[in-house]
There are 2 protein chains.
Amino acid sequence: MRTNSLMLREIREQPQALARTLTSAQSVVQELKKRFATRRPRLIILVARGTSDNAALFGRYLLEVSTGIPVSLAAPSILTVYRSKLDLKDTLVVGISQSGESTDTNYVLEWAAKAGAATLGITNRARSSLAKIPDHLLLVKAGPERSVAATKTYTGQMLALYLLAHALGARIRMRDLQRLPELAAKALETEPEVAERAERYRFMRYGVVVGRGLNYANAFELALKLMETCYVVAERFSSADFLHGPIALVEPSFPVFLYASPGPVWRSLKEILDRLEALQAELLVFTDRGHREAYAARRRAIVVPEAVPVCPGMPEDLLTPIPYIIPGQLLAAYLAREKGLNPDRPRSLQKVTLTL
Amino acid sequence: MRTNSLMLREIREQPQALARTLTSAQSVVQELKKRFATRRPRLIILVARGTSDNAALFGRYLLEVSTGIPVSLAAPSILTVYRSKLDLKDTLVVGISQSGESTDTNYVLEWAAKAGAATLGITNRARSSLAKIPDHLLLVKAGPERSVAATKTYTGQMLALYLLAHALGARIRMRDLQRLPELAAKALETEPEVAERAERYRFMRYGVVVGRGLNYANAFELALKLMETCYVVAERFSSADFLHGPIALVEPSFPVFLYASPGPVWRSLKEILDRLEALQAELLVFTDRGHREAYAARRRAIVVPEAVPVCPGMPEDLLTPIPYIIPGQLLAAYLAREKGLNPDRPRSLQKVTLTL
């Protein structure tokens, strides 16, 4: 039994990693504030692959909700494969990559810089190819990530996107973001419980992860971790999209993991929880101590022990995504162990994937 | 055995449905041409759910590749749940819905009209709520769709998006689009072969569908059909995203369906085909008679018997998506039959799904 995979160790490093990123990013945040003080971008395009693309999906919701600027998740092939030209006037293009060596992300960022867009890079590696391209660089200070399964860089990239939203004038205060390392530490307290629950899923071959709004990206990220490290065919849907077809999959005992986040998305999540219970799905819910309604209603729940604080003028779930993904990461790491798999070296994968 | 589901009958109606839509849309195409002749939108936002959202995903690639205007697929919850405001200056918002009664699509379209965006609706129902909202209305003339599994309206919506691209100045000629009904008819000739092949998948519980570029949306659509009508846990990925993690799922005999389209995307698809063969995946490839490389190389392939024509100045795969989805639709319909399921009434679903 692999009791201490790199993946588990890196999951546990997240509070410190987040604190380092917060401190080191301050000057770049000032630089971004200055650049966009008089003229905000009209469109933001986020470009990434894999786990970084899940961080981008989070960024899409965060930036639209908190700044009102339309966001598009790039389809890199438009540029890298079809060699089309996009009109990028008044556009901010943000490239996100752990390694900074993602060929397609770098291609799009380079092309955007030449096409006159403002550019920002978010990477964990200061000396990477990506670091040389953009006007601005937000460094994730997670330290080297050695497990193939990305964890601490995912939350680091999420933090970088909060910092970008703040710099673009969102009502997200720096002191709200300073709570994140502590919230991550509290979320890590779920580890013994998650370790124990993992056994139940030893023979799970497929399942669905559901989230909505700011936690929609976490559904993608937990599903990706279950695919990569546990070889579970894990689908991911928003609670709304799930009702438009895929809910037909659900029969008694069908496994569903659900991010039960508070705030405006709760009503839609509650609706789907009720439907899933009526269909006798096997549910596991992630929530936090402050979200009493979800907590009380579900017997099978993993509850982050600290209530996630509310930021004035922002939706109630604003700060939930980082603490909510942590028990998901832990679940994937412990389930890999139960299945006798090494989450640090999934079959067919390398740490840096090159695609165009 | 259900030999003649509504779904199968509606699949077979597609050539006529496409021809009707082409004829009836001409005046709206002229109207759109006129409106955008001097000033094109700076951003296009597509909003939809379910199968219509898969058509929107196709539209995203088509419009960016052929017009260079950035496109964003709306996250409706930003407006319907978080009640945020998006800056929609110089934006065209396109709402797509078979029934025209999709609550969230209509909400976003209504909001966009009030916020000063140009608006276009694409629906199969002239007397729907959606039809009353937008500046312009492109009617899909598929006739009533009675199966819960949408088929003829999906290809009808795709055609409407080709017409929009044409109206926005893309190098897509009306006479290219006039080939589509005939290409659909040729694709329907695969029916006996697909019907025979379906048996092999009788006990398939999960699988993956891969596509890229203009056929990426078809991967989503075939996967959705397999989920809705056959209860197969079907994932969908671009060939690039598949390499960034999910390929770890593939062990010998793992079922993968792949859209082997010609043109600039072929290199990336060929790379993944070779990887999947090395991993001994169970592959089924969809391609056309004209794409000799894919056709010659694959023993297990469903081949649309007519070579898909090439449009000057446009990528070689421009007209493949409609003929390529048809054998996929047939596969889902016949597999449902093999599994003893009624594709017209999947469990837990209704024809019109209302979500916010």
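Residues numbered from 1 in each chain as written. Chains lettered and ligands numbered in written order. Predicted model: local features only at pLDDT ≥ 70, side-chain atom pairs only at ≥ 80, totals over all residues. Heavy atoms only, no water.

Student: Would you take a moment to explain the overall build of chain A for this structure?
Tutor: Scanning chain A for helices and strands turns up 15 helices and ten strands. When the backbone C-alpha atoms are referred to their principal axes, chain A occupies close to 55 × 45 × 40 Å. Across chain A, every contact between residues at least 6 apart in sequence was considered, and the portion connecting residues at least 24 apart equals 77%. Only carbon and sulfur atoms are counted for the fraction: they give 48% of the accessible area of chain A, which is about 11900 Å². (Helix = DSSP H or I, 4+ residues; strand = E, 2+ residues; numbered from the N terminus. Contact = heavy atoms within 4.5 Å. Areas by Shrake-Rupley, 256 points an atom, 1.4 Å probe, with all protein chains shown as cover.)

Student: Where do I start with the domain arrangement of chain A in this structure?
Tutor: Reports often express the size of an interface as the amount of accessible area lost when the parts come together. All names here are of chain A. Along its sequence, chain A is carved into domain 1 (6-178) and domain 2 (186-338). Computed from C-alpha atoms alone, the centre-to-centre distance between domain 1 and domain 2 is 25 Å. Listed by partner, the interface residues are 29 residues for domain 1 and 29 residues for domain 2. Across the domain 1 to domain 2 interface the summed buried area is about 2500 Å²; carbon plus sulfur atoms make up 73%. For domain 1, the biggest contributors to the area lost against domain 2 are Tyr61, Tyr162 and Arg171; these three give 19% of the whole. In this structure, the connection of domain 1 to domain 2 is made through one salt bridge. For Arg12, the salt bridge is made with Glu191, and the minimal N-O distance between the two is 2.8 Å. Across the domain 1-domain 2 interface, the total number found is nine residue pairs in polar contact (both at pLDDT 80 or more). Where the side of domain 1 that touches domain 2 is concerned, the elements lending two or more residues are α1 (6-12), α2 (14-24), α4 (50-67), α7 (152-167) and α8 (174-177). (Domains from an automatic or database assignment. Buried area = accessible area lost by both parts, 1.4 Å probe. Salt bridge = Lys/Arg side-chain N within 4 Å of Asp/Glu carboxyl O. Polar contact = N/O pair within 3.5 Å; in protein donor to acceptor, adjacent residues only side chain to side chain.)

Student: Is there a simple way to explain the pairing of strand β8 (residues 255-259) of chain A in this structure?
Tutor: Regular strands place their side chains on alternate faces of the sheet. Residues and elements named next belong to chain A. For β8, a buried count of five out of five residues is recorded, marking the element as mostly surrounded by other parts of the structure. Alternating positions in β8 separate into two faces, Pro255, Phe257 and Tyr259 on one and Val256 and Leu258 on the other, with burial throughout. Of the strand pairs in this sheet, strand β6 (residues 206-211) and β8 are connected by three bridges, and their pairing is parallel. Paired with Val210 across the two strands is Leu258, which belongs to β8. The sheet contact formed by β8 and strand β9 (residues 282-288) spans five bridges and is parallel. In the strand pairing of β9, Leu258 is matched with Val285. In this view, the connection linking β8 to its parallel neighbour β9 by way of helix α13 (residues 266-278) has right-handed handedness. (Buried < 20%, exposed > 50% of the residue type's maximum accessible area, 1.4 Å probe, protein only. Pairing = 2+ DSSP bridges. Right-handed = clockwise from strand over helix to strand, strands pointing away.)

Student: Please explain the interface of chain B and chain A as it appears in this structure.
Tutor: Opposite the 69 residues of chain B that make contact, chain A presents 69 residues. Between chain B and chain A, a total of about 5900 Å² is buried, with carbon and sulfur atoms accounting for 55% of that surface. A per-residue breakdown of the area chain B buries against chain A is headed by Arg42(B), Tyr82(B) and His244(B), which together make up 13% of the total. Between chain B and chain A we count ten salt bridges in total. Across the pair Glu235(A) and Arg236(B) runs a salt bridge, and its minimum N-O distance is 3.1 Å. Taken together, chain B and chain A are joined by 35 residue pairs in polar contact (both at pLDDT 80 or more). Within the residue set of the side of chain B that touches chain A, elements represented by two or more residues are α3 (50-67), β2 (71-73), α4 (77-80), α10 (216-230), β7 (233-238) and α11 (239-243) of chain B.

Student: Help me out: how do you make sense of the nonpolar core in this one?
Tutor: Within soluble globular proteins, side chains that are nonpolar tend to cluster in buried spots. Ranked by size, the top nonpolar core spans 286 residues in total, and within it Tyr162(A) and Tyr162(B) carry the most contacts. When residues no more than four places from it in sequence are discounted, the contact partners of Tyr162(A) are Phe58(A), Leu62(A), Ile172(A), Leu177(A), Leu180(A), Leu318(A), Leu319(A), Pro321(A) and Ile322(A). (Core = buried A, V, L, I, M, F, W, Y, C linked by side-chain atoms within 4.5 Å.)

Student: I would appreciate a short explanation of the environment of Glu193(B) in the present structure.
Tutor: All names here are of chain B. Within the secondary structure, Glu193 sits in helix α9 (residues 191-197). In this structure, the C-alpha to C-alpha distance between Glu193 and Leu330, residues 137 residues apart in sequence, is 9.9 Å. For Glu193, the residues in contact, after removing those within four places along its chain, are Ala301 and Ile302.

Student: Sorry if this is basic, but what is going on with unusual backbone geometry here?
Tutor: Across residues other than glycine, the phi torsion is negative in most instances, and most of the peptide bonds are trans. Backbone geometry places Asp90(A), a non-glycine residue, at a positive phi of 55 degrees. As for its placement among the helices and strands, Asp90(A) is situated in the loop between α5 (77-80) and β3 (91-97). The class for Asp90(A) is partly exposed, based on a relative accessible area of 22%. Unlike most non-glycine residues, Tyr231(B) shows phi in positive territory, near 55 degrees.

Student: Just to check I follow, could you spell out the environment of Asp104(A) for this structure?
Tutor: Residue and element names in this part refer to chain A. Tracing the backbone through its elements, the reader meets Asp104 in helix α6 (residues 103-114). The class of Asp104 is buried, set by a relative accessible area of 0%. With 70 residues separating them in the primary sequence, Asp104 and Met174 have C-alpha atoms 32 Å apart. Setting aside chain neighbours within four positions, we find Asp104 in contact with Arg49, Pro76, Thr80, Thr355 and Leu356. One polar contact links Asp104 to Thr355, side chain to side chain, over a distance of 2.8 Å.

Student: Honestly, the relation of the copies chain B and chain A in this entry has me stumped. Any pointers?
Tutor: For these two chain copies, the linking operation is a rotation about an axis paired with a shift along it. Of the transformation placing chain B onto chain A, the axial shift is 0.0 Å and the rotation is 180 degrees, giving an RMSD of 0.0 Å. Given the turn and translation reported, the copies of this chain are related as if by a two-fold rotation axis. Judged by C-alpha distance, Ser72(B) is the residue of chain B that lies nearest the rotation axis, at 2.3 Å. The residues that chain B uses at the interface reappear at the interface of chain A in 100% of cases, marking a shared surface. (Least-squares fit on C-alpha atoms with pLDDT ≥ 70 in both.)

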